[in-house]
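# Topology and contacts: notes
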Amino acid sequence: MTTNSRNPDGYLVSKGYSYYVFGLLFLLYMFDYIDRQIVVSLFPFIKAEWSLSDTQCGALVSAVYWSILLFAFPVSILIDRWSRKNSIGLMAVLWSLATASCAYTRSFSQLFTARAAIGIGEAGYAPGGTAMISALFPKETRAQIMGFWNASIPLGSALGIALGGFIAETWGWRHAFGIVAIPGMLVAILFFFVRDYKTVELAPVQKAEATGSCTQSNYKQIARQFLGTYSLLFAYFGFAANMFVTSAFMSWLPTFYCRTEGIPMSQAGIKGGAVMAMAIIGAPLGGYLADRWGRKRRNARMVFGAITSALTGFFLFAAFALFSGTAQYLVALLAGIFASMFVPGIAAVTQDVVHPGLRATSYSLNVIVMHILGSSIGPIFVGAISDASDLQTALTILPIFSLIGGFLFLIGSRFYASDCDKVCAIDLQVET
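Here is a short report on the structure shown in this document. (Residues numbered from 1 in each chain as written. Predicted model: local features only at pLDDT ≥ 70, side-chain atom pairs only at ≥ 80, totals over all residues. Heavy atoms only, no water.)

## Some thoughts on the overall build of the chain
- Looking only at helices and strands, one finds 21 helices and two strands in the chain.
- In terms of overall dimensions, the chain is globule-like: its C-alpha atoms have a radius of gyration of 21 Å, near the 22 Å expected for 432 residues.
- Along the first, second and third principal axes, the C-alpha atoms of the chain reach 65 × 45 × 40 Å.
- Considering the chain as a whole, with its 432 residues, one finds that 60% of them fall into the buried category.
- Put simply, of all contacts in the chain between residues at least 6 apart along the chain, 82% involve residues at least 24 apart.
- The distance from the centre of the 28 positive side-chain charges to the centre of the 21 negative ones in the chain is 6 Å. (Helix = DSSP H or I, 4+ residues; strand = E, 2+ residues; numbered from the N terminus. Rg over C-alpha atoms; globule rule 2.2 N^0.38 Å. Buried < 20%, exposed > 50% of the residue type's maximum accessible area, 1.4 Å probe, protein only. Contact = heavy atoms within 4.5 Å. Lys, Arg positive; Asp, Glu negative; His and termini not counted. Charge placed at Lys NZ, Arg CZ, Asp CG, Glu CD.)

## Brief notes about the nonpolar core
- Within the largest apolar cluster, 128 residues are counted, with the highest numbers of intra-cluster contacts made by Leu25, Leu28, Trp149, Phe177, Phe191 and Tyr257.
- Ranked by residue count, the leading element in this core is helix H11 (residues 230-261), at 15 residues. (Core = buried A, V, L, I, M, F, W, Y, C linked by side-chain atoms within 4.5 Å.)

## As for helix H2 (residues 43-50)
- Taken as a whole, H2 has its buried residues at Phe43, Ile46 and Trp50. Looking straight down H2, one finds that the buried residues subtend no more than 75 degrees of arc, so they occupy a single side.
- Check the buried side of H2 and you find it contacts helix H3 (54-81), helix H5 (108-122), helix H9 (173-191) and H11.
- Ser51 lies just past H2 and shows a positive phi near 55 degrees. (Arc of directions from axis to C-beta.)

## Concerning the pattern of salt bridges
- Inspection of the entire model under this criterion finds 11 salt bridges.
- Residues Asp291 and Arg301 are paired through a salt bridge, measuring 2.8 Å at the closest nitrogen-oxygen approach. With Asp291 in helix H13 (residues 279-294) and Arg301 in helix H14 (residues 300-321), this pair connects stretches of sequence that are 10 residues apart.
- We classify Asp291 as buried; its relative accessible area is 8%.
- Taking the relative accessible area as the measure of exposure, Arg301 reaches 8% and is therefore buried.
- One connected set of salt bridges, linked through shared partners, spans Arg142, Asp291, Arg301 and Asp352. (Salt bridge = Lys/Arg side-chain N within 4 Å of Asp/Glu carboxyl O.)

## Comments concerning the environment of Leu42
- Looking at where Leu42 falls in the secondary structure, it is placed in the loop between helix H1 (15-37) and H2.
- Residues in contact with Leu42, not counting those within four places in the same chain, are Gly164, Ala168, Trp173, Ala176 and Phe177.

## Some remarks on H14
- Look at H14: 31 Å from first C-alpha to last across 22 residues, which is about the 32 Å you get at 1.5 Å a residue.
- Burial runs high along H14: 16 of the 22 residues are buried. (Expected span 1.5 Å × (residues − 1).)

## Section: the packing of H11 against helix H15 (residues 325-339)
- Where H11 meets H15, the axes come as close as 13 Å, and the angle between the chain directions of the two elements is 155 degrees. By the criterion of interaxial angle, the relationship of H11 to H15 is roughly antiparallel. When the axes of H11 and H15 are compared, the crossing they make is left-handed. Seen from H11, the contacting residues are Thr246, Phe256 and Tyr257; seen from H15, they are Gln328, Tyr329, Ala332 and Ala339.
- Of the residues assigned to the contact of H11 with H15, the class counts are five nonpolar, two polar and no charged. (Axes fitted to C-alpha atoms, helices over the stretch in contact; angles between N-to-C directions. Parallel < 35°, antiparallel > 145°, perpendicular 65-115°, else oblique. Left-handed = near helix turned anticlockwise from the far one by under 90°. Nonpolar A, V, L, I, M, F, W, Y, C, P; charged D, E, K, R; others polar.)

Right, here's the structure in full:
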């Protein structure tokens, strides 16, 4: 085991430098979601030009998630075993180039392919960024920092949707892809020069149950340990249920307001983006509250996720089943705050209960599960129901999946403490 290289305040390097790296990670995540979600506000323009169905429009969102779920695991192994900073930098360059290529497409199949290429670049970013943040900051504030980092998701989504509608109405929808690709490329270049931590050896991996000592493990044993960490498995599936809901709402809220209120897509994008932007409040607040409660209750991160997931389901159902007009929008804004509160605590759980050398791999498995069962299905699910019935009916059905997610987190919370006790403490060292 390595000697402890952390500062007395718990940071791997200086506090200031940790926040500098965090700032770059925040910007990259924001540009990640700008590039990912900008297509949502372009639906009416693309649909009119190519005569697409709502299901096809939803598929342009899901294409990114399908690529992510295919490549997240192999890329995360590269991140854990090679380099966090180089992997993240290369991926950001790739997804920026893929976004720019969308501007040159001339058919649905070409745009679908370009969108899938964006997903290849974004496949390992969340696992890599999660691993770096977990290493840089003290464990006691992990959920809180994750909350601030994940606030970049709604910010990027809202900016992408708002910018997309404005640019499309002003210069045409193809220009939207080209313009937003540039900033991510610039930040990606800066990231190649940050300090990384040394790659962690995988032995020892876990404490022996009988002796409490750390034991060496091969890859088959590592796989069995993942499958035997029940809090982790329930965290994965609960995350997927919630992402089924949030990805669908992010994809279809602007179109819903455009159709029901007859407003231009630029205005509808801002209105829908504002609901998503409420996560800028919800994600940091959720991380702070989960960590604060965690001082008194060890499994607070998972229990808090269960409670906020249930509240999200309640407010979303109320918004689309019980209200209309201004009241509906106000309740939707409230739901937007709660919808992201579970993310930082559950993201921290995926790091708490695994070996430090497998953190990116752990989060990549979370990404795979949530995209297979959640993000990649949600937009198409809503599009298909909208084609068969109407968009409001589709949005009214969604909240049941938030309740399912909360129930899964609650079950997983029963195993969290014992799973944490199995993890060997490994002190990380910074590359010179």
